Amino acid sequence: MPTIIALDVSLSMTRPIPSQSNTGTPGNGGSENVMTYHQLAVLGINSILDYLSKHARLEFVSMIIYSSLFEVVVDFTRDYDAIRQALHKIEHYDKTSLENVLVAVNNAFKAHWGSQNYCQIIFVTDCGVGIGPSSLKNTIINIQTYKAACLAAVTAAAATSSKTDCLKSPGKAAAVIPQPSDNQWVGFSYPSKLSFVCLGSLATDSAFRCGTKLYQQLLDVSGQKGQLFIPRMKHDESVGSDETTLPATGDDGEDVMKQLTRSSALEAFEAMCDTNYRQFEATLRCGGYFRLEDPVIVWPAPLAYTARDVLGVETTKLMSRRLEVCGFLSMSDIGSPMSVSRHLILPRNASPSSSEHADGAKTSVTSGGKNGHALPSAEERLEADIKAFYTKPDSGSASEHHQHDEHTIDGADVNKESVCVLLHGALKVENMAALVLLGDAWYGFIYSYADGKKKWNLMLNVLPPGNDVVPWLGDLRYLGTLEDAFPGENPAFPIKSEKRSYSQNIVVWIRQAGLQSDIQKVLRHAKKLPEKTQHFYKELNRIRRAALSLGFVELLEGLAHIFEREIGTLPLSASPDCSMQLNHAAMELRKPVNRDMKSMIHALPTQYNQLG
């Protein structure tokens, strides 16, 4: 879940915060200790980085500054010290233009992460609205105009469609949605959350009040998920602490009591971090009668899944706080099913009390209460008693003395079992994955995963909600063990039939190298014409069928361009049949009749290949 931090570096950020001059010494008049909005923003960004270093140190963060233009100061990185150093080298420029940086953020994230990942976007600003055509007010008007044009296009298409239905016409009109210009922002094209940390005082700054209204209107009009974080104003401590006797507005002497302070601004940044980067704590349970459980952290926090049925009714599902391991499957049987998201499973160091160490039953009750579950049932209490019996040390043995001498790591007993360590080791050695129940009719897989640094982790692959979401596994509720198989039944996946209904030569273009190798193979056959005429057209038809099956029609035009370019690069020793066949193949690829899967491209009969 990458994060983009955008800092406003317009000239208004260089203003000193009002009523700060009294913090200086009498000799210097307080000018040296006056804090500006930019300095307060830098402190806030450092607090964000400190929070991420402690609670979400795997976050990729990018730093952007903007005024009328924008600049990517630090690209996506986990080195937060590089961002801290870059904050001290920032210069200020002219007016604020929010739309330009929103377009830049949209393009920068799609270039690095695509359109399927989730992004946190944080703007730190004093809520300047800008002037001229690039002002925030004009941006809101442009978004409203675009939304109205899209609604009019859909309405017109619906009216045309109903008219054609009345006339019993087979064709139906489709809505032509207008496309925004390159410099127009109408919303992010990927899942995201847009947050504005607004530095200012609602009580005394009328421009700030107007700016916050426009920023909130921007979120409402664009339909983006987001929030404005405004510091809570506190009375000046030098005036008094009795807030009941001080009005919110009034004369200049009373307004100065509700100014922006360093503590109130940092509280706004802390509230933003707690809201956007709250950890998803859950309990991982594994085993049958003697059940093991461990508090874990699912990172990044899973989002709510919204599904829409045929009638357009939306249903939102949330992942449960209790992850139940149902069974284990081989990684080769699972394959690569469609997934919603992927998350890391990290062990969470619980802070059990001394009473929980002494009694296993109390441990089960307390851990259940922490995760928001109901009171334990009779089976769970019996399970806790059995677990406490097996984990109880022998009386008078040396292990009892060692328990008092053992140190704890982050408040957790080093001798306590860890389900994460047990699962990770077993899944890695056996090359298997654990089927996990995430909610009502919602499943996922936990498996051992290694990143580029050869660091192994537990990875959770979340499947779409449903019981029959992996076609080759069938209904996940009916999966059984090997002992449940009938005599003579083959329990392996996928189920193999005696006669295959598909060709054995399957074209796989998951990576770019596979497509390049197929094209190079066709070109090698082309340079050896007329001896390789049959091989050339066999490979050409194979690539053509694969492209049509995948809907990759652009590949046919690309192949035609490649053949035409190869004609001009043929050596003098090449056969004349090479240029003739390449030109013929390029013309055939462009014909609409050859867009049919059943058609075939045949060789051109010439005097060199003797096909005529």
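Residues numbered from 1 in each chain as written. Predicted model: local features only at pLDDT ≥ 70, side-chain atom pairs only at ≥ 80, totals over all residues. Heavy atoms only, no water.

Trainee: Describe in detail the overall build of the chain, supporting the description with residues and values.
Mentor: A tally of regular secondary structure across the chain gives 17 helices and 17 strands. Counting the 612 residues in the chain, one finds 39% classified as buried. By sequence separation, contacts in the chain at least 24 residues apart represent 68% of the contacts at least 6 residues apart. In the structure as shown, the chain presents an accessible area of about 35300 Å², 54% of it carried by carbon and sulfur atoms. (Helix = DSSP H or I, 4+ residues; strand = E, 2+ residues; numbered from the N terminus. Buried < 20%, exposed > 50% of the residue type's maximum accessible area, 1.4 Å probe, protein only. Contact = heavy atoms within 4.5 Å. Areas by Shrake-Rupley, 256 points an atom, 1.4 Å probe, with all protein chains shown as cover.)

Trainee: Lay out the sheet that holds strand β5 (residues 192–198) with the relevant residues and their values.
Mentor: Ordered by their spatial adjacency, six strands build an open sheet running β3-β2-β1-β4-β5-β6, and the pairing between neighbours is mixed. Two strands in the sheet have a free side with no partner beyond their single neighbour: β3 (70–77) and β6 (226–229). Pairwise comparison of adjacent strand axes, ignoring direction, gives a mean angle of 15° for this sheet. Packing against the sheet, helix α2 (residues 80–87) makes contact with β1 (3–8), β2 (61–66) and β3, and its axis sits at approximately 160° to β3. (Pairing = 2+ DSSP bridges. Axes fitted to C-alpha atoms, helices over the stretch in contact; angles between N-to-C directions.)

Trainee: Help me get a handle on the packing of aromatic side chains, residues and values and all.
Mentor: Under the defined criterion, the tally for this structure stands at 13 aromatic pairs. Ring centres 5.0 Å apart and planes at 80° place the aromatic pair Phe196 and Tyr215 in the edge-to-face group. Residue Phe196 is found in strand β5, and its partner Tyr215 is found in helix α5 (residues 206–222); the two are separated by 19 residues along the sequence. Accessibility classification places Phe196 together with Tyr215 in one group, the buried group. Both rings, one in Phe536 and one in Tyr537, keep their centres 5.0 Å apart while their planes meet at 85°; by these two values the pair is edge-to-face. Like Phe536, the residue Tyr537 is buried in the burial classification. Members of the aromatic cluster, each reached through a chain of ring pairs, are Phe60, Phe76, Phe109, Trp113, Trp185, Phe188 and Tyr190. (Phe/Tyr/Trp six-rings, centres within 6.5 Å; stacked < 30°, edge-to-face > 60°.)

Trainee: Hey, could you go over the nonpolar core for me, with residue numbers and the actual values?
Mentor: Counting 51 residues, the largest nonpolar core has Leu7, Met63 and Leu199 as its most contacted members. Taken together, the elements giving at least two residues each to this core come down to β1, α1 (37–55), β2, α2, β4 (119–125), α7 (262–276), β15 (432–439) and β16 (442–450). Per-element tally for this core: the top contributor is α1, with nine residues. Setting aside residues no more than four positions away along its own chain, Leu7 makes contact with Met13, His38, Ala41, Ile45, Met63, Ile64, Ile65, Tyr66, Leu87, Ile90 and Val124. In this structure, Ile64, Leu98, Cys198 and Leu228 belong to the second largest nonpolar core, which totals 31 residues. (Core = buried A, V, L, I, M, F, W, Y, C linked by side-chain atoms within 4.5 Å.)

Trainee: Could you give an account of the pattern of salt bridges, with specific residues and numbers?
Mentor: In total, this model carries twelve salt bridges according to the counting rule given. Taking the shortest distance from any N to any O, the salt bridge between Asp518 and Arg542 comes out at 3.5 Å. Here Asp518, found in helix α14 (residues 512–526), pairs with Arg542, found in helix α15 (residues 533–550); they are 24 residues apart in sequence, far enough to count as distant. With respect to burial, Asp518 and Arg542 carry one shared label: buried. A salt bridge links Glu557 to Arg590, with the shortest nitrogen-to-oxygen separation between them at 3.2 Å. (Salt bridge = Lys/Arg side-chain N within 4 Å of Asp/Glu carboxyl O.)

Trainee: So what's going on with the side chain of His38? Residues and values would help.
Mentor: Looking at the element boundaries, His38 is found in helix α1. A polar side-chain atom of His38 sits 3.5 Å from a polar atom in the side chain of His92. Residues within four places of His38 in sequence aside, it is in contact with Leu7, Met13, Ile90 and His92. (Polar contact = N/O pair within 3.5 Å; in protein donor to acceptor, adjacent residues only side chain to side chain.)

Trainee: Account for helix α17 (residues 576–590), with residues named and values stated.
Mentor: Residues that lie three or four places apart on an α-helix share one face, since the helix turns once every 3.6 residues. Between its first and last C-alpha atoms α17 spans 22 Å; for 15 residues at 1.5 Å apiece the expected length is 21 Å, and the two agree. Those residues of α17 that fall on the buried side of the exposure criterion are Asp577, Cys578, Gln581, Leu582, His584, Ala585, Ala586, Glu588 and Leu589. (Expected span 1.5 Å × (residues − 1).)

Trainee: Provide a residue-level description of α2, including the pertinent values.
Mentor: Three or more residues of α2 are buried, namely Tyr80, Ile83, Ala86 and Leu87. The buried residues of α2 occupy an angular sector of 120° when the element is viewed end-on, so they sit on one face. Contact partners of the buried residues in α2: β1, α1, β2 and β3. (Arc of directions from axis to C-beta.)

Trainee: If you had to explain the environment of Glu270 to someone new, which residues and values would you point to?
Mentor: Its place among the elements puts Glu270 in helix α7. As a C-alpha pair, Glu270 and Ile48 span 222 residues in sequence and 7.5 Å in three-dimensional space.

Trainee: Go over the packing of helix α16 (residues 554–568) against α17 with me, naming the residues and quoting the values.
Mentor: Look at α16 against α17: their axes get within 9 Å of each other, and the N-to-C directions meet at 160°. Judged by the inter-axis angle, α16 sits roughly antiparallel to α17. Classified by chirality, the crossing of α17 by α16 is left-handed. Residues Leu556, Glu557, Leu559, Ala560, His561, Phe563, Glu564, Glu566 and Ile567 of α16 touch α17, and the partners they reach there are Ser579, Leu582, Asn583, Ala585, Ala586, Leu589 and Arg590. Of the residues in the contact of α16 with α17, the class split is nine nonpolar, three polar and four charged. (Parallel < 35°, antiparallel > 145°, perpendicular 65-115°, else oblique. Left-handed = near helix turned anticlockwise from the far one by under 90°. Nonpolar A, V, L, I, M, F, W, Y, C, P; charged D, E, K, R; others polar.)

Trainee: Talk me through the sheet that holds β15; I want residue IDs and the actual numbers.
Mentor: Pairing in this closed barrel of seven strands is mixed, and the strands run β7-β8-β12-β17-β16-β15-β11 around the ring. Across this sheet, the average inter-strand angle for adjacent strands is 40°, counted without regard to direction. Pairing geometry for strand β7 (residues 280–286) and strand β8 (residues 292–299), over seven bridges, is antiparallel. Across the sheet, Arg285 pairs through a bridge with Glu293, a residue of β8. Together, β7, β8, β11 (322–330), β12 (341–347), β15, β16 and β17 (456–462) form the strand contacts of helix α13 (residues 419–430), whose direction differs from that of β17 by roughly 85°.

Trainee: Got a sec to walk through the pairing of β15? Specific residues and values, please.
Mentor: Among the eight residues in β15, six count as buried, and that is most of the element. Across six bridges, β11 lies against β15 in antiparallel orientation. Bridged to Ser330 within β15 is Met432. For β15 and β16, the ladder comprises five bridges, and the chain directions are antiparallel. Bridging from a neighbouring strand, Gly439 pairs with Trp442 of β16.

Trainee: Any chance you could break down the packing of α1 against α7 for me, citing the residues and the numbers?
Mentor: Packing of α1 against α7 leaves a shortest axis separation of 9 Å and a crossing angle of 35°. Where α1 crosses over α7, the handedness of that crossing is right-handed. On the side of α1, the interface is formed by Leu40, Ala41, Leu43, Gly44, Ile45, Ser47, Ile48 and Tyr51, while α7 contributes Arg262, Ala265, Leu266, Phe269, Met272, Cys273 and Asp274.

Trainee: A description of unusual backbone geometry should follow, citing residues and the corresponding values.
Mentor: Excluding glycine, residues mostly have negative phi values, and the peptide bonds linking residues are mostly trans. Cis geometry marks the peptide bond from Trp299 to Pro300; its omega dihedral reads -10°. Counting through the fold element by element, Pro300 comes out in the loop between β8 and β9 (305–308). The residue after Leu529, namely Pro530, is reached through a cis peptide bond having omega 5°. Its location among the elements puts Pro530 in the loop between α14 and α15. Phi at Asn431 takes a positive value of approximately 55°, unusual for a residue other than glycine. Assignment of secondary structure puts Asn431 in the loop between α13 and β15. Even without being glycine, Ala441 reaches a positive phi, approximately 55°. Judged by relative accessible area, Ala441 falls into the partly exposed class, the value being 26%.

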